[in-house]
Structure formats: structure tokens, C-alpha cells
Amino acid sequence: MINLNDATLMRGEHILLDQTSLSIHKGQKIGIIGRNGSGKTSLFACLLGRLALDKGQLLMPEGLRCACMAQETAGLAISALTHVIDGDADYRRIEKTLAEAEARGDGHAIAEGHSELDRIDGYTIQTRARQLLAGLGFSPEQFEQPVSAFSGGWRIRLNLAAALMAPSDLLLLDEPTNHLDLEATLWLEQWLGRYQGTLLIISHDRSFLDKVIDHVVSFEGCKLVLYRGNYSAYELQRSARMALQQAQYEKQQRRRSEMEDFVRRFRAKATKAKQAQSRLKALDRMQEIAPAHVDSPFSFNFLPAEKTADELLALDQASIGFDQPLVSGIRLKLSNNSRIGLLGYNGSGKSTLLKTLSGGLPLLSGEYRQSKHLRIGYFAQHQVDVLDLQASPVSLIQRLDPRAREQNLRDFLGGFDFRGDRINQAIEVFSGGEKARLALALIVWQKPNLLLLDEPTNHLDLEMRHALTMALQAYEGALLIVSHDRHLLSNSVDEFYSIHQGRCTLFEGDLDDYERQLSTLPEKTAPGGGQAQLKPAEQQGRKSQRQQSAAQRQQTASLRKEIAALEKRLDKLGRQLETLESRLADPTLYDAGNKQSLDELLQQQRLVRKELTAVEEQWLSHTETLESVSA
């Protein structure tokens, strides 16, 4: 057991922990959560003996083996495989002792060395290291490349592999998924599920936390509060606690009302059967946990675009890439209500597609069409690296809009938690999370009708990710997003496209289906690899599948037609309800002389709501039938 007793921890004059206590039991898997700067990484430093408490006690068992994930790695000349094996210090120690014994011909010491290697399973270390590298997305050709040949993000993956290689009783991981794609994240979830020791994870990926942890430790008011269960369970428990605090009651009710509006508006617009059903369930659940985020410092919405068009942007038979095509034959149309998530391995072409759509990269071939009203908001994967570090948040927005009033700027930036003098400070002193929030704020201010978002949650904490998810739900323009944050994807998009082996195709299913498909796919091709050639038997199998799919589409045509009619009815009823509620918001309607008009409007509202519920139930029934027929 690890115990913190009456612990106080300070950073300068800033108090991180104030006389707080915590017990961590053997085998627990704990997610450490809190706002950026709350002290999560400092807590890890204390557990590793790198930082002392200012007051109180930290009690840890003698001989406890700790492993942690380094955040930086120099450009070493050693190979990736060697770097990972170096993570097992016991192996390297025994290896050195054995080499010395062999050099001096000490038979007894040699026998002891081999016995020690057998005890730690040292003879399989090469195989285990290769498995770790492959699971984290490295191709066999990269195993022997020097560490210096990899970018910063890939070096972090190497550090993660080295931490997993180290024998440990306590494993500390700080943002392990930040530089992983979805596929590598799923592999890591499975690995951690088999881990036998005590696990502490700092992560802002709630889906990852839900799959891995069984407890949450939350930084709240300079205290450490322990919750039982995964992140979703934590939200519900904290929501219940917050609901008991009377001072927050009115703000909670406003947030609940906003969530109800999101649910109602989406129900009226839903067009994708399986995605729609999963999003409706997710949105209903978000109403339940809304109070858990009532004290969030973030609150913003994407401003409505001034103009839009039915078709904003389209690619036809397009090839994208640099010198050689990376993805070919792309047919993609982005209408004013498209909400698409892109799936695929790192290096498959997702970022290249977004950069091409943004106009930052020319097509290699094919047709590119855009509306004259197109206004793109593009968040690149490394957007924070191109910000002017000498500028302030206010000056960056004033470059976009010189007529912006100071009070409007203060109100707007406050929604992204830039307050007081912070809005006039040079952003060179900002953290990565603050720079990412500012980059998003600049996009929001420009009122885009098409959002192209490439890993927008990198550097964002859980509260800001929650605020971004809510803002994207209310966003009324087109959306194309690349993200390894499954919660964000599940709650903001209606359909998925998959980029795999040089092709971009519609993915029929949700993220659960995609995870299941990944488990059945053959070993993935390395980034930049060519498309695999199918054997004749496989080609015949594909042809048969296409024929079956065509027959199935014909059988379900009438059902799809009924669903389309119901969707039109839902849309019409939704607009009627919005009109009625807008009229009911008029305060003069509640004067004594308008009682009859008020009663009539309330009656109409009840009837429309009743019909909306009935049509929605019919729509859900039809879509479930369609899903069962198509399965």
C-alpha cells in the first residue's frame, strides 16, 4: 500500500496539495485527473522520489519497483530496439555481469548469470521488445533505425515502449496516448488490461480511461478525492455531489436546459441510422453528467456562419499526396450539414486529406470544387507551432478583426479561460494547452461554415475537451475531423470514412464496429506502403460480397424510403417546436390579457411534442429493423 498522510505540496507560492491524504492499494488502476497546472505531474514526481513534500508523509513499501514514461529523449545513435530493451535495467545489469564473467572465464559466475537471465525471462527480451514496438505502430524496418531518426512524437512512443518493458510493481504513465493513433491506443488498452501491478495514469482521453481504470483520483480544491469506478462512474458520482450544493443549482439547471436543446435539435436533424441511435443515447447520458462539469472554466460556442451553401466542397476522383499519390480515387462531398470522422492508421493520409481540402496542398489529379461562400476553419495537427509567440491573444484576434471591441474580446476569450491580464500577455509563456485553446478560439472567431479539425484535443485537458464536444454538438456547419479521442468522435459526427491502403471509403458502422474490424484485419501495412494485391480467390470473394450487398440494398429500399419520410417529418416538427418555443419566450404573452393566446400556444406545444415523440419512436424502430436486416 502507498500512503499520503496530511500531504502539502507547493510550487513556489502556489499550493498544489493542502493537508490531503490518499491510500493506493496493490493492483489498483487509477486515473489521475485535474485541470492543467493542478499538480498531477508533481504528484508523480513525489512518488518517484524526485520531489519532496513540503509537509506530511509519503509511505511506500520497501523494494517497490517503479517504472515511468520519460517525456523527452535526446537524439540517440542507438537503435529503437536497443532503446526499448534499455528500459529493463535488470536485464542490462545481468547482461553486463555475464559479459564480464565470460571475459575472465569464471564458470561459476557465468552459470549464475544464465540462471538470473532465465529468472527474468531474459532470453525472450528481443521478442518482447519487438512486440511492443509493433503494437505501438513501428514497422519492422524501423526497429533498427537510430532514435535520432524519429520525430518527437515517435520518440515519446519509444519512451512508452521502454516503460512497458521495465519490470515494475508501480507503473506511472503521463499522457501515454497523446502521440498515439486510435489503433495503437486500442493495443495499449489491451496491454494495460493484462498488467498485474499498480497503475497510475494521467490522461485526458476519457474513452481510454473508461477502458483501463477502476478508480479515479481527482484534484479538487487542493485535495485528492478518490472515486470508485472508471471515468464515467466518476462523472456520475461527482454530478450527484455537485447537485447537492445549493449554490450551484441555478447554473446546473441552465446547463441541463442547454443539453436538452442539443438533444432536441439533433433528434430533429438525425439522418444516419446507427450513428444517430448511438449519439442520441450519448446525448441523453450527457444530460445526466452535466453537473459534474458545472464548475468548468470553459464555455463557448461556434458562432453562426454569415453565409453557407448546400455543397461547400467536393473532391471527384482525386489523388492526394506529395511526389507520389498517397490516396487515390477519392470521391467526397461536404454539404452544409456533413459531420464526418476520418479513421485510419497514422501515415495513411488523413492529415494530407485535410491539408488538401484546406487549400494548403494541391491535388495530384482529379477535381476540386468549392462554393463561393466557403469559409474554412482549419486546425492543423501542429497548429500551436505556427502561432506568433510574441503576440497576445487580443492582438491575434485584432489582426483578424481590427474593429473588434475590447469588451467583446474579453467576454469571448473568457470562454476559453483567458482572463484578466492574461489576454494581453505574449503567448511564448503559455503552456501547450493554453496555445491549443487559443488556436481554437481564433478559428471560432472567424465563423467558419466548414471545420477541418486534425487532432484538436492534443494538449487539451478533460474539461476543455468536454467544452469542445458540447460546442461541436451545437455547431451548425460542416465538420470533418481526425481524432483519436473516441468520446469526441462518438458525440460529434454522424458518419465515418476510412482511409486504408490508399483508398478512402465510407465506413458502414460506428466506432465499436471499427474496433472489432481492427481485431480481424491482417497485419497493417507500414505508413506509405502500397496497396496489397488480392489473390484471385479473394477477388472472387469481393465480387460475391458486392453482389450480395446490391441485393440487400434492393430489399431494404422501401424501408429506407419510409425512414427518409420520417426524417423529413422529424425535421418539420422540430422547426414547428422551435417556432412555438420562440413565441412562448415572449414575456408579454404572460400578461393577463393574453391568457387565451398563451393557452392555445401551450396546447399546440404539447401536441407537437407528443407527435414528435411518436414519430421519433417509429423512426428508431425502423432504423433498428434496418440495422438487423443489414447485419
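Located above this text is the structure these notes cover.
The structure reproduced in this document is the subject of the present report. (Residues numbered from 1 in each chain as written. Predicted model: local features only at pLDDT ≥ 70, side-chain atom pairs only at ≥ 80, totals over all residues. Heavy atoms only, no water.)

With respect to the nonpolar core
Judged by nonpolar contacts, the single largest core of 52 residues is most densely connected at Leu164, Leu171 and Leu192. It is helix α6 (residues 152-165) that contributes the most residues to this core, seven residues altogether. Other than its neighbours up to four places away in sequence, Leu192 contacts Lys29, Leu164, Leu171, Leu173, Leu199, Ile201, Phe208 and Val212. (Core = buried A, V, L, I, M, F, W, Y, C linked by side-chain atoms within 4.5 Å. Buried < 20%, exposed > 50% of the residue type's maximum accessible area, 1.4 Å probe, protein only. Helix = DSSP H or I, 4+ residues; strand = E, 2+ residues; numbered from the N terminus. Contact = heavy atoms within 4.5 Å.)

Describing the packing of helix α13 (residues 393-400) against helix α14 (residues 406-414)
The relative placement of two packed helices comes down to the angle between their axes together with the axis-to-axis distance. Two numbers describe how α13 lies on α14: the axes approach to 11 Å, and their chain directions differ by 115°. Taken as a pair, α13 and α14 cross one another with a handedness that is right-handed. Along its contact with α13, which presents Pro393, Val394, Ile397 and Gln398, the element α14 presents Leu409, Phe412 and Leu413. Among the residues making up the contact of α13 with α14, the classes are represented as six nonpolar, one polar and no charged. (Axes fitted to C-alpha atoms, helices over the stretch in contact; angles between N-to-C directions. Left-handed = near helix turned anticlockwise from the far one by under 90°. Nonpolar A, V, L, I, M, F, W, Y, C, P; charged D, E, K, R; others polar.)

Here's the deal with the packing of aromatic side chains
For any pair of aromatic rings, geometry is given as the distance between the ring centres together with the angle between the planes. Per the counting criterion, the structure on display carries 10 aromatic pairs. Aromatic pair Trp191 and Tyr195: ring centres 6.0 Å apart, planes at 20°, arrangement stacked. Judged on exposure class, the residue Trp191 and its partner Tyr195 are both buried. Both rings, one in Tyr227 and one in Tyr234, keep their centres 4.9 Å apart while their planes meet at 80°; by these two values the pair is edge-to-face. Both residues of the pair, Tyr227 and Tyr234, belong to the buried class. (Phe/Tyr/Trp six-rings, centres within 6.5 Å; stacked < 30°, edge-to-face > 60°.)

Considering the sheet that holds strand β12 (residues 339-343)
Picture the strands of a sheet paired through backbone hydrogen bonds; they go either parallel or antiparallel. The six strands lie next to each other as β14-β15-β16-β12-β17-β18, forming an open sheet whose pairing is mixed. At either end of the open sheet lies a strand with only one pairing partner, and these are β14 (376-379) and β18 (503-507). Between one strand and the next, the sheet's axes are offset by a mean angle of 15°, whatever the strand orientation. Pairing between strand β15 (residues 450-454) and strand β16 (residues 478-482): five bridges, direction parallel. Bridging across to β16, Leu453 finds its partner in Ile481. Packed on one face of the sheet, helix α15 (residues 432-445) meets β14 and β15 and runs near 170° to β14. (Pairing = 2+ DSSP bridges.)

Don't take any of this as a statement about function, it's just geometry.
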